[in-house]
Amino acid sequence: MTATPAPNSTPSPQNSLGRTAQAVRDLLPRWSEWSSSLRAPGADLLAGLIVALVALPLALGFGISTGLGAAAGLTTAVVAGAVAAVFGGSRFQVSGPTGAMTVILVPIVHEYGGSGVLAVGLIAGIVLVVLAFAGVGRAVRFMPAPVIEGFTAGIAVVIALQQIPAALGITDAEGDKVWRSAADAVAKFVAHPSILTPATALAVAVAILVGGRYFPKVPFSLVAVAVATLAAQLLHLDIARIGEIPSGIAAPTLNFLHLGDLTSLVAPALAVAALAALESLLSATAADSMGVGTRHNPDRELFGQGLANIAAPLFGGVPATGAIARTAVNVRSGARSRLAALTHAVILAAIVYLASTLVAEIPLAALAGVLLATTVRMVETASIIAIARATRADTAVMGATFLVTVALDLVTAVAVGVAFAAILALRAVAKSAKIEQVPLDDDGHQSEEHELLREHIVAYRIDGALFFAAAHRFLLELADVSDVKVVILRMSRVTAIDATGAIVLKDAIDKLEHRHITVLISGMKPDHLRPLKALGVFTTSDSERRHIFSDTPRAIEYARMLVLPRNQYLSMNIEE
């Protein structure tokens, strides 16, 4: 007779290998994603051109803000933009250097230098690929909205502070935090004021904001920068320029580091990976809401961003993420497929090769104006006001996230915001858990309730989650029970019970039974019974049978048998 394998037997190596191969296939590009766009590429090519025109000044500005230079920003936009467009999980996502990533890279540049930043990007890319295979991408849906709004507003403020020195024409501002360097730049500007540089930055920012409001399809960021550059050339204005850019993709500058150096870079790399994952998934989610019938693959998005961050440092680029602003421009410009994002990267590469001389003449103040306008657009005032009006807890979470973002860094802010939100949520759940004496039926008939009290039997119903945050209050309330012989705990409405709740319940039962009060439990779900058994709430199977009942009437019958004289109990059963 042939033996039949058990249904829960250990999976065979062939099955595990097959699942791994399927997971890899799910993360790789498919021809079907490109076939339709290649047959009719017009809309995607036009959208890619528009996005490239918007991305050019942003890539330059963010590259300079990190301290690695304009070439690093352009290289990132080209290399990471192309790789993420092919391998990412969203067909509309546009990737490249972003303001949020700049915020976290600046202190890394100061501490580890340019080569350290490239190594951080490479390690972060590997981490993102691992997260993709681990299926972590779906976790972004659990990010609280107040945290998202708080750090978005905080990023906007930090980026604006970063631009203050360039907007005022100060090149030697000092300070280990952006707000300190901004304050130092203001002090030095007041000591030696010059109106030309701040006027240029202000004019560019106003042109972008006003023009974008009335003509949203026109790339006013590029127009404003071009006009500022042309004016500076014709009028021979003494304004700091970007400077020489290599006529081609930047040569690799990633040096091999010692093991000790790599160990010290792990923590910054994890911070960069966390930010890249968070911002990219949020951007892809936003793209889904703007597109029709689209839905991104979060794990594949992490995979694509991981490969992009592995590739970019090899060419001298900084870590990249999905860019919410550029992705929105891509969708609104009529993009239909990944070809638009890939086109944007190809056009930027052409600009690097063919127009590097012109790009080198762009005034730094003009790019500062572009980024200042970007910060204004980042803040969703309506969402912030709506959250502030919702609850005081949401306002507190948003405010804490905002303050930590500005004062410390983004990853710390997200951790603080999520932890704060979790604590407040647990507090709310704990408050909802209650133990109270309620009628035994839904019709409000309380005659049986009063009869039980005369018999020194009381029934309590526990509602909600019995877990660590609510357990202490539960013990205090239950310990106050007096002048009874039997307590019935109706637990059919308990939604969850953890080890702490089980321990507290055990302590309460022990205290009551020490006072010669018997405790009966009715309606408990089987999965809630496991922690009680594991922690020894009932020491023997016989005591378990005598103390746990499937429903309240059975518990009441047993309680009466315990407290009433035998002849009175038998007469009650005969009458019934």
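Re a nonpolar patch on the surface
Here comes step 1: There is a patch of nonpolar side chains on the surface, built from Leu202, Val206, Val210, Tyr214, Phe215, Val218, Val223 and Val227 and spanning about 760 Å² of accessible area.
Here comes step 2: Of all the elements in the fold, those that place two or more residues in the nonpolar patch are helix H8 (196-214) and helix H9 (220-234).
Here comes step 3: The element best represented in the nonpolar patch is H8, accounting for four residues.
Here comes step 4: On the secondary structure map, Tyr214 appears in helix H8.
Here comes step 5: Residue classification places Tyr214 among the exposed positions, given a relative accessible area of 58%.

A word on the nonpolar core
Here comes step 1: Counting 71 residues, the largest nonpolar core has Leu60, Leu105, Val272 and Leu348 as the members making the most contacts within it.
Here comes step 2: Tallying contributions element by element places helix H5 (residues 99-134) first for this core, with 14 residues.
Here comes step 3: Excluding its chain neighbours within four sequence positions, the residues that come into contact with Val272 are Met101, Ile104, Leu105, Ile108, Val120, Ala124 and Pro319.
Here comes step 4: With 21 residues, the next largest nonpolar core counts Val487, Leu489, Ala502 and Ile509 among its residues.

Things to note about the environment of Asp44
Here comes step 1: Inspection of the secondary structure assignment puts Asp44 in helix H3 (residues 42-66).
Here comes step 2: Note on Asp44: relative accessible area 1%, which makes it buried.
Here comes step 3: Along the chain, Asp44 and Ser333 lie 289 residues apart, while their C-alpha atoms are 8.6 Å from each other.
Here comes step 4: Leaving out residues up to four positions away in the same chain, Asp44 has contacts with Ser37, Ala335, Arg336, Ser337, Leu339, Ala340 and Thr343.

As for the pattern of salt bridges
Here comes step 1: Per the stated rule, a full pass over the model turns up three salt bridges.
Here comes step 2: The partner of Lys188 in a salt bridge is Asp184, with the nearest N and O atoms 3.2 Å apart. Linking Lys188 with Asp184, this pair stays in helix H7 (residues 178-191), spanning four residues, or about one helical turn.
Here comes step 3: The closest approach of N and O atoms between Lys506 and Asp510, which form a salt bridge, is 3.2 Å. On the criterion of helical spacing, the pair formed by Lys506 and Asp510 is a turn pair, its members being four residues apart in helix H21 (residues 499-514).
Here comes step 4: Its relative accessible area of 33% is what places Asp510 among the partly exposed residues.

Regarding the packing of helix H4 (residues 70-87) against helix H13 (residues 339-354)
Here comes step 1: Running from amino to carboxyl end, H4 crosses H13 at an angle of 155°, the nearest separation of the two axes being 8 Å. As the angle between them shows, H4 and H13 are arranged roughly antiparallel. Where H4 crosses over H13, the handedness of that crossing is left-handed. For the pair formed by H4 and H13, the contact residues are Leu74, Ala77, Val78, Gly81, Ala82, Ala85 and Val86 on the first element and Ala341, Leu342, His344, Ala345, Leu348, Ala349 and Val352 on the second.
Here comes step 2: Residue classes in the contact of H4 with H13 are distributed as twelve nonpolar, two polar and no charged.

Observations concerning unusual backbone geometry
Here comes step 1: We note that His516 has phi near 65°; this positive angle belongs to a residue other than glycine.
Here comes step 2: Looking at the element boundaries, His516 is found in the loop between H21 and strand S7 (518-522).
Here comes step 3: Residue His516 is classed as exposed on the basis of its relative accessible area of 70%.

Looking at the confidence of the model for the chain
Here comes step 1: The predicted model of the chain averages 78 in pLDDT, with 80% of residues at 70 or higher.
Here comes step 2: Of all the helices and strands in the chain, helix H25 (residues 566-575) carries the lowest mean pLDDT, 50, while strand S1 (residues 95-96) carries the highest, 94.
Here comes step 3: Scored below 50 in pLDDT, residues 248-252 makes 13 contacts in the model with residues more than four places away or belonging to other chains.
Here comes step 4: Confidence drops under a pLDDT of 50 for residues 441-445, and excluding neighbours within four residues, the segment shows zero contacts in the predicted structure.

A few points about the pairing of S7
Here comes step 1: Here S7 lies mainly inside the structure; four of its five residues are buried.
Here comes step 2: The pairing of strand S5 (residues 486-490) with S7 spans five bridges and is classified as parallel. Bridge pairing in S7 links Ile488 to Leu520.
Here comes step 3: With two bridges joining them, S7 and strand S8 (residues 548-549) adopt parallel strand pairing. By the bridge assignment, Ser522 is partnered in S8 with Phe549.

Analysis parameters
Residues numbered from 1 in each chain as written. Predicted model: local features only at pLDDT ≥ 70, side-chain atom pairs only at ≥ 80, totals over all residues. Heavy atoms only, no water. Patch = residues over 30% accessible without salt bridge, like charges linked within 9 Å, V, L, I, M, F, W, Y side chains within 5 Å. Areas by Shrake-Rupley, 256 points an atom, 1.4 Å probe, with all protein chains shown as cover. Salt bridge = Lys/Arg side-chain N within 4 Å of Asp/Glu carboxyl O. Helix = DSSP H or I, 4+ residues; strand = E, 2+ residues; numbered from the N terminus. Buried < 20%, exposed > 50% of the residue type's maximum accessible area, 1.4 Å probe, protein only. Core = buried A, V, L, I, M, F, W, Y, C linked by side-chain atoms within 4.5 Å. Contact = heavy atoms within 4.5 Å. Axes fitted to C-alpha atoms, helices over the stretch in contact; angles between N-to-C directions. Parallel < 35°, antiparallel > 145°, perpendicular 65-115°, else oblique. Left-handed = near helix turned anticlockwise from the far one by under 90°. Nonpolar A, V, L, I, M, F, W, Y, C, P; charged D, E, K, R; others polar. pLDDT = per-residue confidence, 0-100. Pairing = 2+ DSSP bridges.

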